[in-house]
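Take a look at the letters that make up each chain.
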Amino acid sequence: MPATRDTPRAMPHRFLEACRRRPVDKTPIWLMRQAGRYLPEYRAVRAKVSFLELCKTPDLAAEVTVQPVDILGVDAAILFSDILVVPEAMGMQLILEDEGPQFPAPLRARSDIEKLRIPDAEQDLGFVMEAIRRTLKRLDGRVPLIGFCGGPWTLAAYMIEGKTSRSFEKAKAMIFGDEELAHLLLGKITDALIGYLNAQLAAGAHAVQIFDSWAGALGPEDYARFGAPYLARVIGGLKRNPREAQPVIVFGVETGEILAQLAATGAEVVGVDWRVPLDEARGRVGPGVALQGNLDPATLFLPLPKQEKRVARVLELANLAGPGHIFNLGHGVLVGTPVENVKALVRQVHAYTPAR
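Quick notes on the rules
Residues numbered from 1 in each chain as written. Predicted model: local features only at pLDDT ≥ 70, side-chain atom pairs only at ≥ 80, totals over all residues. Heavy atoms only, no water. pLDDT = per-residue confidence, 0-100. Contact = heavy atoms within 4.5 Å. Helix = DSSP H or I, 4+ residues; strand = E, 2+ residues; numbered from the N terminus. Buried < 20%, exposed > 50% of the residue type's maximum accessible area, 1.4 Å probe, protein only. Pairing = 2+ DSSP bridges. Right-handed = clockwise from strand over helix to strand, strands pointing away. Axes fitted to C-alpha atoms, helices over the stretch in contact; angles between N-to-C directions. Parallel < 35°, antiparallel > 145°, perpendicular 65-115°, else oblique. Left-handed = near helix turned anticlockwise from the far one by under 90°. Nonpolar A, V, L, I, M, F, W, Y, C, P; charged D, E, K, R; others polar. Core = buried A, V, L, I, M, F, W, Y, C linked by side-chain atoms within 4.5 Å. Polar contact = N/O pair within 3.5 Å; in protein donor to acceptor, adjacent residues only side chain to side chain. Phe/Tyr/Trp six-rings, centres within 6.5 Å; stacked < 30°, edge-to-face > 60°. Arc of directions from axis to C-beta.

Peer 1: Sorry if this is basic, but what is going on with the confidence of the model for the protein here?
Peer 2: Here the protein averages 94 in pLDDT, and 96% of its residues register 70 or above. Counted against residues more than four places away or in other chains, residues 1–10, with its pLDDT under 50, gives 19 contacts.

So this is what it looks like as structure tokens:
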């Protein structure tokens, strides 16, 4: 049975209002990786196609994007896709399966970077925009839709390493060893992302999130050179509705030392992982942005009474942090997470009355 929504047609949506640090009736909640393998309904769709086929089939992408809205009652949908479709559109071969992404021919030399092209978003990534349009029809105004992309540094790291890494030694060696080449690569990725996000916004996305997932792999000084300036360029290049600009969220893992840099990029919302309490995060980012987060995803494996205690603590600290809070996890929903625990989380967050 689909979850019963308490305000199915409420406008403006509490998620968007919280992004703008305005009063809301209830704390909004959505979850990173809320459409995924922990949901039986997702697994049923995924059994028919590969992961990349799912991303590139608009009807199926729209179906799994909407599943968490119907099943969990979350306050926003996030488009089902992957950050690495952009490097593929720039000319790299991509293998994308549950075992992890791979670029069989990673970037190794200047000539590799010079061959990268800036894709035409509608032509080369049109399946994403079509998925947005079909998702919006399915949502029918119930909740906003979030589009997304990866951060320039994060995409560069994947493109150089060729796969997920713990130490990013290849990416750091190239970026630190030749700054001119680093800026050439990061500039190309940035230009590609500006076009890509603008196409998502034009297709109807109500907000966008930039996943600079590996931001925490860089120290503060290096992030100030190779990370934050390019996020700011992406955000500055967006063509947003002048009457009610679509909010931008920035998020990375292990970003406690660079939260202030993220807040200075021009984003309306800074996502926080579970390593920094939200009241401390507020002190680092200042009053000008909303905060998103930041329950440890492993909490959702606990017995409900223990889960509820930890959820209540996040809400309490968010209240201390002041206006503008979107409840989320500190990273994505983990495989094997009990669906009933996620439903209980949503109910508890919606039952909480935030300070006005």
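Peer 1: Looking at this model, I keep getting lost on unusual backbone geometry. Mind explaining?
Peer 2: For residues other than glycine, phi is negative in most cases, and the peptide bonds are mostly trans. Geometrically, the link from Gly293 to Asn294 is a cis peptide bond, its omega value of -5° lying close to zero. Positive phi, close to 60°, is recorded for Arg33, a residue that is not glycine. For Arg33, the position within the fold is in the loop between helix H1 (14–19) and helix H2 (40–46). Residue Arg33 is classed as partly exposed on the basis of its relative accessible area, which comes to 46%. A positive phi angle is found at Asp140, which is not glycine, with a value near 50°. Topologically, Asp140 is positioned in the loop between helix H8 (126–139) and strand S4 (145–150).

Peer 1: Is there a simple way to think about the pairing of strand S8 (residues 290–295) in this case?
Peer 2: The side chains of a regular strand alternate between the sheet's two faces. With 6 of 6 residues buried, S8 lies mostly within the body of the structure. Of the pairings in the sheet, the one linking strand S7 (residues 269–271) to S8 comprises 3 bridges and is parallel in character. Looking at S8, one finds that Val269 is bridged to Ala290. Handedness of the S7-helix H15 (residues 278–285)-S8 crossover: right-handed. Relative to strand S9 (residues 325–329), S8 is paired through 5 bridges, and the arrangement is parallel. Note that in S9 the partner of Asn294 across the bridge is Asn328. Running through helix H16 (residues 304–321), the crossover from S8 to the neighbouring parallel element S9 is right-handed.

Peer 1: Just checking my understanding: could you explain the sheet that holds strand S1 (residues 77–78) for this structure?
Peer 2: Strand pairing within a sheet occurs via backbone hydrogen bonds; the two strands may be parallel or antiparallel. In spatial order, the strands read S1-S4-S5-S6-S7-S8-S9; together these 7 strands make up an open sheet with parallel pairing. Each of the sheet's edge strands pairs with one partner strand only, and the pair in question is S1 and S9. Most of the contacts of H15 go to S8, to which it runs at about 145°, and overall it touches S7, S8 and S9.

Peer 1: Help me out: how do you make sense of the packing of H15 against H16 in this one?
Peer 2: At a closest axis distance of 7 Å, the pairing of H15 and H16 adopts a crossing angle of 30°. As the angle between them shows, H15 and H16 are arranged roughly parallel. Here H15 and H16 pass one another in a crossing that is right-handed. In contact with Leu278, Asp279 and Arg282 of H15, H16 contributes Val314, Leu317, Ala318, Leu320 and Ala321. Among the residues making up the contact of H15 with H16, the classes are represented as 6 nonpolar, no polar and 2 charged.

Peer 1: I tried to follow the nonpolar core on my own but got confused; where do I start?
Peer 2: Side chains of a nonpolar character, in soluble globular proteins, are inclined to be buried together. One finds Phe15, Met159, Leu185, Ile210, Phe327 and Leu345 to be the most contacted residues of the largest nonpolar core, which totals 134 residues. Per-element accounting of this core gives the leading share, 13 residues, to helix H11 (residues 179–203). Residues within four places of Phe15 in sequence aside, it is in contact with Pro28, Trp30, Asp75, Ala76, Pro144, Ile146, Ala207, Ile249, Gln292 and Ile326.

Peer 1: Help me understand the side chain of Gln67, please; the structure alone is not making it clear to me.
Peer 2: Its location among the elements puts Gln67 in helix H4 (residues 58–72). Of note is the side chain of Gln67, whose polar atom sits 3.1 Å from the backbone oxygen of Glu41. Sequence-distant contacts of Gln67, that is, excluding residues within four places in its chain, are made with Glu41, Tyr42 and Val45.

Peer 1: Explain the packing of aromatic side chains here, please?
Peer 2: Each aromatic ring pair is specified by the distance between its two centres and by the angle formed by the two planes. Counting across every chain of the model gives 8 aromatic pairs. Ring geometry for Phe51 and Phe80: centres 5.4 Å apart, planes at 55°, overall tilted. Separated by 29 residues along the polypeptide, Phe51 in helix H3 (residues 51–55) and Phe80 in the loop between S1 and helix H5 (85–89) bring together distant segments of the chain. For Phe80, a relative accessible area of 7% corresponds to the buried category. Considering the side-chain rings of Trp153 and Phe168, the 6.4 Å spacing of their centres and the 55° angle between planes classify their relative orientation as tilted. Residue Trp153 is located in helix H9 (residues 152–161), and its partner Phe168 is located in the loop between H9 and helix H10 (169–177); the two are separated by 15 residues in the primary sequence.

Peer 1: Would you explain helix H13 (residues 228–236) in this entry?
Peer 2: Side chains three or four residues apart in an α-helix point the same way, a direct result of the helix having 3.6 residues per turn. All of the buried residues along H13 are Ala228, Tyr230, Leu231, Val234 and Ile235. Seen along its axis, H13 keeps its buried residues to an arc of 165°; they face one direction. Buried residues along H13 sit in contact with H9, H11, strand S5 (207–211), helix H12 (220–226), strand S6 (248–251) and helix H14 (259–263).

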